[in-house]
Amino acid sequence: MRVRDEDKVKLVKQKALESIVKEGFEGFSMNKLAKACGISVATLYIYYKDKDDLIISIAKEEGDRMANTLIQNFDPSFSFEEGMRIQWKNRYTYMVENPLANSFFEQLRTSTYQSRFLEDFMKKFKTVISEFMHGVVARGEMKPMPLEVFWSVAYAPLYSLVRFDREGQSIRGKPFKMTDQVLWQTFDLVIKGLKN
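Not measured: the values here are computed from a predicted model. (Residues numbered from 1 in each chain as written. Predicted model: local features only at pLDDT ≥ 70, side-chain atom pairs only at ≥ 80, totals over all residues. Heavy atoms only, no water.)

1. Examining the environment of isoleucine 20
So, step 1. Structurally, isoleucine 20 is set in helix 1 (residues 6-27).
So, step 2. Each C-alpha atom of the pair isoleucine 20 and serine 103 lies 9.1 Å from the other, and the pair is 83 residues apart in sequence.
So, step 3. Apart from the residues within four sequence positions on either side, isoleucine 20 is in contact with Phe25, Phe28, Ile55, Phe104 and Gln107. (Helix = DSSP H or I, 4+ residues; strand = E, 2+ residues; numbered from the N terminus. Contact = heavy atoms within 4.5 Å.)

And the structure:
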């Protein structure tokens, strides 16, 4: 039995991410991946039982990395504004430092892999954020609301700004570059909208 070559595994994951982001899940195949890595298809099957196993493995690994970044320096006892500021900083940092993984997650969100990915991702992240949100509501810093409403107001503006920055243009087609001023001005408006 052949031993797992960790450098090769890293290469496989990197090339798989690149391929999925460029061609989507439908255009992704183990044959194309093997060719991009300069290895045989049989080698891929030493590491992963099939395409789905590889995709879920990457999603879980990247999800762990993202969850760890999102809760870095975060304490569930923080005030609403302080906790949200760290969440925005952490989310922004993750998206800027991991653009390929961020694009992968955007594709994952609209795929059949989403529910399998969320099972593991939410375990780590949900506990910390739930404690934070319960404390915020209990202290009267924010009224209870459906999660989807909260997320749309709390984080969608950040994701839109990052997308404009990545595309290099605003919704009007004018050049756009993210700045700290734009980031935190938007954050202040979000907090103002969510506070009681």
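So that's the structure; there's more coming.
2. Details of the layout of surface pockets
So, step 1. Of the voids in this model, the largest pocket is the one considered here, and its volume is about 1100 Å³.
So, step 2. Taken together, 37 residues form the lining of the largest pocket, with Arg91, Met122, Phe125, Trp151 and Tyr155 sitting closest to its centre.
So, step 3. For the lining of the largest pocket, the secondary-structure elements that each account for two or more residues are helix 4 (51-70), helix 5 (80-97), helix 6 (99-109), helix 7 (114-138), helix 8 (147-154) and helix 9 (156-167).
So, step 4. When residues of the lining of the largest pocket are assigned to their parent elements, the largest contribution, 12 residues, is made by helix 7.
So, step 5. Here the lining of the largest pocket is composed, by residue class, of 24 nonpolar, 5 polar and 8 charged.
So, step 6. Each pocket or cavity is described by its volume, and for the second largest pocket that value is around 240 Å³.
So, step 7. Taken together, 15 residues form the lining of the second largest pocket, with Gln14, Leu17, Glu61, Glu62 and Arg65 sitting closest to its centre.
So, step 8. Only helix 1, helix 4 and helix 6 provide two or more residues apiece to the lining of the second largest pocket.
So, step 9. Counting residues per element, the lining of the second largest pocket draws most heavily on helix 1, which supplies 6 residues. (1 Å grid on protein atoms, 1.4 Å probe; cavity = no way out; pocket = protein on both sides within 12 Å on 5 of 7 lines; lining within 4 Å. Points joined across faces, edges and corners; volume = space filled by probe spheres on them. Nonpolar A, V, L, I, M, F, W, Y, C, P; charged D, E, K, R; others polar.)

3. Concerning the nonpolar core
So, step 1. Counting 60 residues, the largest nonpolar core has Leu54, Phe80, Met84, Phe104 and Phe150 as its most contacted members.
So, step 2. Contact partners of phenylalanine 80, with chain neighbours within four places excluded, come to Phe132, Val136, Arg139, Glu141, Met142, Phe150, Ile191, Leu194 and Lys195. (Core = buried A, V, L, I, M, F, W, Y, C linked by side-chain atoms within 4.5 Å. Buried < 20%, exposed > 50% of the residue type's maximum accessible area, 1.4 Å probe, protein only.)

4. Considering the packing of aromatic side chains
So, step 1. Under the defined criterion, the tally for this structure stands at 12 aromatic pairs.
So, step 2. On the basis of an interplanar angle of 75° and a centroid distance of 5.1 Å, the ring pair of phenylalanine 74 and phenylalanine 132 is categorised as edge-to-face. One end of the pair, phenylalanine 74, is in the loop between helix 4 and helix 5; the other, phenylalanine 132, is in helix 7, with 58 residues separating them in the sequence. Across the pair, phenylalanine 132 and phenylalanine 74 agree in class, each one buried.
So, step 3. Judged by centre distance (5.3 Å) and plane angle (80°), the rings of tryptophan 184 and phenylalanine 187 are edge-to-face. (Phe/Tyr/Trp six-rings, centres within 6.5 Å; stacked < 30°, edge-to-face > 60°.)

5. Some remarks on the environment of lysine 51
So, step 1. Mapping lysine 51 onto the fold places it in helix 4.
So, step 2. Here lysine 51 falls in the partly exposed class, since its relative accessible area comes to 25%.
So, step 3. Sequence separation of lysine 51 and phenylalanine 25 is 26 residues, and the distance between their C-alpha atoms is 9.8 Å.
So, step 4. Not counting the four nearest positions on each side in its chain, lysine 51 is found in contact with Phe25, Phe28, Met30 and Tyr113.
So, step 5. In this structure the side chain of lysine 51 is engaged in a polar contact, spanning 3.2 Å, whose partner is the backbone oxygen of phenylalanine 25. (Polar contact = N/O pair within 3.5 Å; in protein donor to acceptor, adjacent residues only side chain to side chain.)

6. Section: the packing of helix 4 against helix 6
So, step 1. Contact geometry of helix 4 with helix 6 gives a least axis separation of 11 Å together with a crossing angle of 120°. Our classification of the angle between helix 4 and helix 6 gives oblique. Of the two elements, helix 4 crosses helix 6, and the hand of that crossing is left-handed. Counting all contacts with helix 4, which are made through Ile55, Ile58, Ala59, Glu62, Gly63 and Met66, the residues of helix 6 involved are Ala101, Phe104, Phe105 and Leu108.
So, step 2. Split by residue class, the contact of helix 4 with helix 6 holds 8 nonpolar, 1 polar and 1 charged. (Axes fitted to C-alpha atoms, helices over the stretch in contact; angles between N-to-C directions. Parallel < 35°, antiparallel > 145°, perpendicular 65-115°, else oblique. Left-handed = near helix turned anticlockwise from the far one by under 90°.)

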